[in-house]
Amino acid sequence: MAMAWIWTGMTAVSLLFAAATGNLSALGGAAMDGARAAVELCVSMAGVVCLWTGVMEVMERSGLSAKLACAFRPLLKRLLPRASRDEETLSALSANLSANLLGLGGAATPLGIRAARAMARGCGGVASDELCLLVVLNTASIQLFPTTLAGVRAALGAADPFDILPAVWLTSFVSVAAGLLAAKLFSRIWRDRT
């Protein structure tokens, strides 16, 4: 709801300012150019999303996704011990982490939601430390292949869309480490207060 007010306000201010300065035709042209560029970007991104969703499907059918998820289970059991007791939740968590590593946020989101719903059962409406940690891990996920970002770069004419890999690896690792540290720290502070 707040975003609707923000967008409405921005549009109204733009229209008023354009009318006051006599630039209504320039505003209309800019709006049409922006809409055209948005559609072009969406169409080019659709191809990238289809490609990597297909790759994820091939990985799923070949069993590679299950093997990758199996490799993460020891780490997830250590990070989220209560959630990993339920096989369905652990499976969703592992698949979510695998999709995030491949930069497939669209595929990772439903898996993360499924895991979060399972983890929220019995919490009484208050998020557990592990549920908060899941949100942190999803928000600051480590990406081996930032496919969505590379797709945007390719659509905008980058010569080598994946030349950012070292920077992505470093920043995503640092963000996950900082997120885990902050989550553990705030969990301990909260526990000490109650």
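Please read these numbers as outputs of a predicted model, since none were measured by experiment.

### What to know about the overall build of the protein
At step 1: Counting its regular elements, the protein contains 8 helices and 0 strands.
At step 2: In sequence order, the secondary structure elements of the protein are arranged as α-α-α-α-α-α-α-α.
At step 3: Its C-alpha atoms give the protein a radius of gyration of 21 Å, clearly above 16 Å, the size a compact globule of 194 residues would have.
At step 4: Each of the three principal axes of the protein carries a C-alpha extent, and together these read 65 × 45 × 30 Å.
At step 5: A burial count over the protein gives 30% of its 194 residues as buried.
At step 6: Relative to all contacts within the protein whose residues are 6 or more apart in sequence, the contacts with residues 24 or more apart total 59%.
At step 7: Here the protein displays about 12,500 Å² of accessible surface, and carbon together with sulfur accounts for 70% of that area.
At step 8: For the protein, the distance from the average site of its 16 positive side-chain charges to the average site of its 12 negative ones is 9 Å.

### Here's the deal with the nonpolar core
At step 1: Leu80 and Leu93 are the most contacted members of the largest nonpolar core, which totals 19 residues.
At step 2: Once you skip the residues sitting within four places of it in the chain, Leu80 turns out to touch Leu93, Glu130 and Leu133.
At step 3: One finds Met56, Ala99, Leu104 and Ala108 within the second-largest nonpolar core, a separate group that totals 6 residues.

### Considerations on the packing of helix α4 (residues 87-101) against helix α5 (residues 105-120)
At step 1: Two numbers describe how α4 lies on α5: the axes approach to 8 Å, and their chain directions differ by 155°. As the angle between them shows, α4 and α5 are arranged roughly antiparallel. Read as a crossing pair, α4 and α5 show a hand that is left-handed. Residue-level contacts link Glu88, Thr89, Ala92, Leu93, Ala95, Asn96, Ala99 and Asn100 of α4 to Gly105, Ala107, Ala108, Leu111, Gly112, Arg114, Ala115, Ala118 and Met119 of α5.
At step 2: Residues belonging to the contact of α4 with α5 are distributed by class as follows: 10 nonpolar, 5 polar and 2 charged.

### Let's talk about the confidence of the model for the protein
At step 1: Of all residues in the protein, 97% have pLDDT values of 70 or greater, and the mean over the chain is 82.
At step 2: At the low end of the mean pLDDT range in the protein sits helix α3 (residues 64-79), at 78; at the high end sits helix α1 (residues 2-21), at 89.

### Topic: the side chain of Ser172
At step 1: Relative to the assigned elements, Ser172 resides in helix α8 (residues 165-193).
At step 2: Excluding residues that lie within four positions of it along the chain, Ser172 makes contacts with Ala140, Ser141, Ile142 and Gln143.

### Here's the deal with the side chain of Ser128
At step 1: Locating Ser128 in the fold gives a position in the loop between α5 and α6 (129-139).
At step 2: Within polar-contact distance, the side chain of Ser128 engages the backbone nitrogen of Leu131 at 3.1 Å.
At step 3: When near neighbours in sequence (up to four residues on either side) are disregarded, Ser128 contacts Arg82 and Cys123.

### Observations concerning α1
At step 1: With 20 residues, α1 extends 28 Å between its outermost C-alpha atoms, agreeing within 8% with the 28 Å of an ideal straight helix rising 1.5 Å per residue.
At step 2: At the exit of α1 stands Gly22, carrying a positive phi of roughly 75°.

### Some words on the pattern of salt bridges
At step 1: Inspection of every chain in the model, using the stated rule, returns 3 salt bridges.
At step 2: With a closest N to O distance of 3.2 Å, Glu40 and Arg36 form a salt bridge. One end of the pair, Glu40, and the other, Arg36, are both in helix α2 (residues 24-62), 4 residues apart, so they sit about a helical turn from each other.
At step 3: In this structure Glu40 comes out as partly exposed when scored by relative accessible area, which is 46%.

### Some details on α6
At step 1: Buried within α6 we find Glu130, Leu131, Leu133, Leu134 and Leu137. With its buried residues spanning 155° around the axis, α6 presents them on a single face.

### As for the packing of α5 against α6
At step 1: For the pair α5 and α6, interaxial distance at closest approach is 10 Å and the crossing angle is 170°. Relative to α6, the element α5 is oriented roughly antiparallel. Between α5 and α6, the residues in contact are Gly112, Ala115, Ala116, Met119 and Ala120 and Glu130, Leu131, Leu134 and Asn138, respectively.
At step 2: A breakdown of the residues in the contact of α5 with α6 according to their chemical character gives 6 nonpolar, 2 polar and 1 charged.

### Observations concerning a nonpolar patch on the surface
At step 1: A grouping of Met3, Ile6, Trp7 and Met10 is seen on the molecular surface, where their side chains present a nonpolar patch of about 440 Å² in accessible area.
At step 2: Positionally, Trp7 belongs in helix α1.
At step 3: Accessibility expressed as a relative area gives 52% for Trp7, which makes it exposed.

Criteria and cut-off values
- Residues numbered from 1 in each chain as written.
- Predicted model: local features only at pLDDT ≥ 70, side-chain atom pairs only at ≥ 80, totals over all residues.
- Heavy atoms only, no water.
- Helix = DSSP H or I, 4+ residues; strand = E, 2+ residues; numbered from the N terminus.
- Rg over C-alpha atoms; globule rule 2.2 N^0.38 Å.
- Buried < 20%, exposed > 50% of the residue type's maximum accessible area, 1.4 Å probe, protein only.
- Contact = heavy atoms within 4.5 Å.
- Areas by Shrake-Rupley, 256 points an atom, 1.4 Å probe, with all protein chains shown as cover.
- Lys, Arg positive; Asp, Glu negative; His and termini not counted.
- Charge placed at Lys NZ, Arg CZ, Asp CG, Glu CD.
- Core = buried A, V, L, I, M, F, W, Y, C linked by side-chain atoms within 4.5 Å.
- Axes fitted to C-alpha atoms, helices over the stretch in contact; angles between N-to-C directions.
- Parallel < 35°, antiparallel > 145°, perpendicular 65-115°, else oblique.
- Left-handed = near helix turned anticlockwise from the far one by under 90°.
- Nonpolar A, V, L, I, M, F, W, Y, C, P; charged D, E, K, R; others polar.
- pLDDT = per-residue confidence, 0-100.
- Polar contact = N/O pair within 3.5 Å; in protein donor to acceptor, adjacent residues only side chain to side chain.
- Expected span 1.5 Å × (residues − 1).
- Salt bridge = Lys/Arg side-chain N within 4 Å of Asp/Glu carboxyl O.
- Arc of directions from axis to C-beta.
- Patch = residues over 30% accessible without salt bridge, like charges linked within 9 Å, V, L, I, M, F, W, Y side chains within 5 Å.

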